[in-house]
Amino acid sequence: AQNRFAVIPTPDRLGADLDYAGRGATIAFLDSGFHPHPDLVEPSDRIKAFFDIAGEEPSRGPGRPRPWHWHGTQTTVAAAGNGRLSDGVYRGLAHEAELVLVKVSEGGRITEEAIARGLEWVIENRERYDIRVLNISLGGDEDVPCSRSVIDQAAERAVAAGIVVVVAAGNSGDGERPHSIPPANAPSVITVGGYDDDNLLEPRGLGLYHSNFGPTADGTLKPEIIGPAMWVAAPILPDTGLYRSAECLSRLAAAPDYQLPGLLRSLWREADLPESVLDEGVGAAREIVESHLRREK
């Protein structure tokens, strides 16, 4: 449920027309892994297919979440979740689209060859699943000319086959030479950079977050567009330390003053708070709890 720490829902932030919800379109997501989330599979399962290039998982994420399922789960739910767990508040812009999930990690590792294999699978199966859009929120090792990158060449073939390929620019924009890496540097893909609006509907200005930008090795200027990269509602994997910490912090933040000291004594470790919080008064302890909840979760 929303509280005063809530992020602005993405459709509200962008002034989106909810009549355009991806109905009739299939979006493929190429990512590290996925965990089935209620916003994607309830009340009806919109996942048309799952393919694991490593053959490690016979279905879209086993019962026990693994660390590499987190990123793909975030991207799919942020883009296409129907808001099932939030009474529709946190719906993705494409909340009526059908999905194809392609896992390209092997033992949690992602190689350029694996990304290229995932792209080839999408191309080969585009007609079978009527794939119109491909989202890629990961990248290769270094910025090289398109002719030398197996990922870029596969991305170009996907675009030539009629697929709209959308790629995250990457998060190395604070470095000495911020630049996009394959496939974000491929000339024909739509590369998306990220901005930070400080969680305000009418921001005083936009920061570039850590988003890559500038000319690629081929001289192509990237990104083409920018979108929200901060303050975006996204799920935390269940049965993980981060999930338990977030739940504990939420309980502490919602507790009345008379209950807070007792709850802190039982939950401070699992909430990932410093032990010194136990020596604070109620007001100072609440500030620490709320700061952690706002900053970390």
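The present account deals with the structure reproduced in this document.

How each quantity is defined
- Residues numbered from 1 in each chain as written.
- Predicted model: local features only at pLDDT ≥ 70, side-chain atom pairs only at ≥ 80, totals over all residues.
- Heavy atoms only, no water.
- Axes fitted to C-alpha atoms, helices over the stretch in contact; angles between N-to-C directions.
- Helix = DSSP H or I, 4+ residues; strand = E, 2+ residues; numbered from the N terminus.
- Parallel < 35°, antiparallel > 145°, perpendicular 65-115°, else oblique.
- Left-handed = near helix turned anticlockwise from the far one by under 90°.
- Contact = heavy atoms within 4.5 Å.
- Nonpolar A, V, L, I, M, F, W, Y, C, P; charged D, E, K, R; others polar.
- Buried < 20%, exposed > 50% of the residue type's maximum accessible area, 1.4 Å probe, protein only.
- Lys, Arg positive; Asp, Glu negative; His and termini not counted.
- Salt bridge = Lys/Arg side-chain N within 4 Å of Asp/Glu carboxyl O.
- Polar contact = N/O pair within 3.5 Å; in protein donor to acceptor, adjacent residues only side chain to side chain.
- Core = buried A, V, L, I, M, F, W, Y, C linked by side-chain atoms within 4.5 Å.
- Pairing = 2+ DSSP bridges.
- Phe/Tyr/Trp six-rings, centres within 6.5 Å; stacked < 30°, edge-to-face > 60°.

1. A short note on the packing of helix α7 (residues 241-254) against helix α8 (residues 260-267)
In the contact formed by α7 and α8, the axes pass within 9 Å of each other and the chain directions differ by 165 degrees. As summarised for this structure, α7 and α8 are arranged roughly antiparallel, according to the angle between their axes. Crossing geometry of α7 relative to α8 is assigned as left-handed. Here α7 contributes C248, R251 and L252 to the contact with α8, which in turn contributes L260, L263, L264 and L267. For the contact of α7 with α8, a count of residues per class yields six nonpolar, no polar and one charged.

2. Side note on unusual backbone geometry
Omega for the peptide link from P182 to P183 comes to 0 degrees, which places this bond in the cis form. In this fold, P183 is placed in the loop between β5 (164-168) and β6 (190-195). A cis geometry characterises the amide bond from K222 onward to P223, with omega recorded as 0 degrees. For P223, the position within the fold is in the loop between β8 (221-222) and β9 (225-228). Of note, the phi angle at D87 is positive, near 55 degrees, even though the residue is not glycine. Along the chain, D87 turns up in the loop between α3 (69-80) and β3 (98-103).

3. Description of the side chain of E57
Relative to the assigned elements, E57 resides in the loop between β2 (47-52) and α3. The side chain of E57 is buried and forms no salt bridge, while K103, the nearest opposite charge, is found at 4.6 Å. In this structure the side chain of E57 is engaged in a polar contact, spanning 2.8 Å, whose partner is the side chain of H69.

4. Structural notes on the environment of R157
Along the chain, the position of R157 falls in helix α6 (residues 150-160). For the pair R157 and L119, spaced 38 residues apart in the sequence, the C-alpha separation amounts to 9.0 Å. Apart from residues no more than four positions distant in its own chain, R157 is found in contact with E120 and I123.

5. Here's the deal with the nonpolar core
Formed by 28 residues in total, the largest nonpolar core has its most connected members in L30, V100, L119, V122, L134, I136 and V165. Contributions of two or more residues to this core are made by β1 (26-31), β3, α4 (112-124), β4 (131-136), α6 and β5. In terms of residues, this core owes the most to one element, α4, which gives six residues. Not counting residues up to four positions away in its chain, the partners in contact with V165 are L134, I136, A155, A158, V159, V189 and I190. Residues F5, W268, A271 and L293 belong to the second largest nonpolar core, which totals 17 residues.

6. As for the pairing of β6
Two strands pair when backbone bridges link them, and β5 and β6 are joined in this way by three bridges, in the parallel orientation. Bridge assignment links V166 to a residue of β6, and that residue is I190. Bridge analysis of β6 against β9 gives four bridges, and the strand direction is parallel. Of the residues in β9, the one forming a bridge with G194 is G227.

7. Considerations on the pattern of salt bridges
Scanning the model with the defined rule gives 11 salt bridges in all. Across the salt bridge formed by R23 and E96, the nearest N and O atoms sit 2.5 Å from each other. With R23 in the loop between α1 (10-14) and β1 and E96 in the loop between α3 and β3, this residue pair connects regions lying 73 residues apart in the sequence. What makes E96 partly exposed here is its relative accessible area of 31%. Salt bridges here are not isolated pairs; linked through shared partners, they connect D52, E56 and K103.

8. Quick look at the packing of aromatic side chains
Under the counting rule described, the total for this entry stands at two aromatic pairs. Residues F51 and W121 carry aromatic rings whose centres are separated by 4.8 Å and whose planes lie at 5 degrees to one another, so their mutual orientation is stacked. With a gap of 70 residues between them, F51 in strand β2 and W121 in helix α4 connect regions that are remote in the sequence. What links up through ring pairs into an aromatic cluster is the set F51, W121 and Y129.

In short, geometric facts, not functional conclusions.
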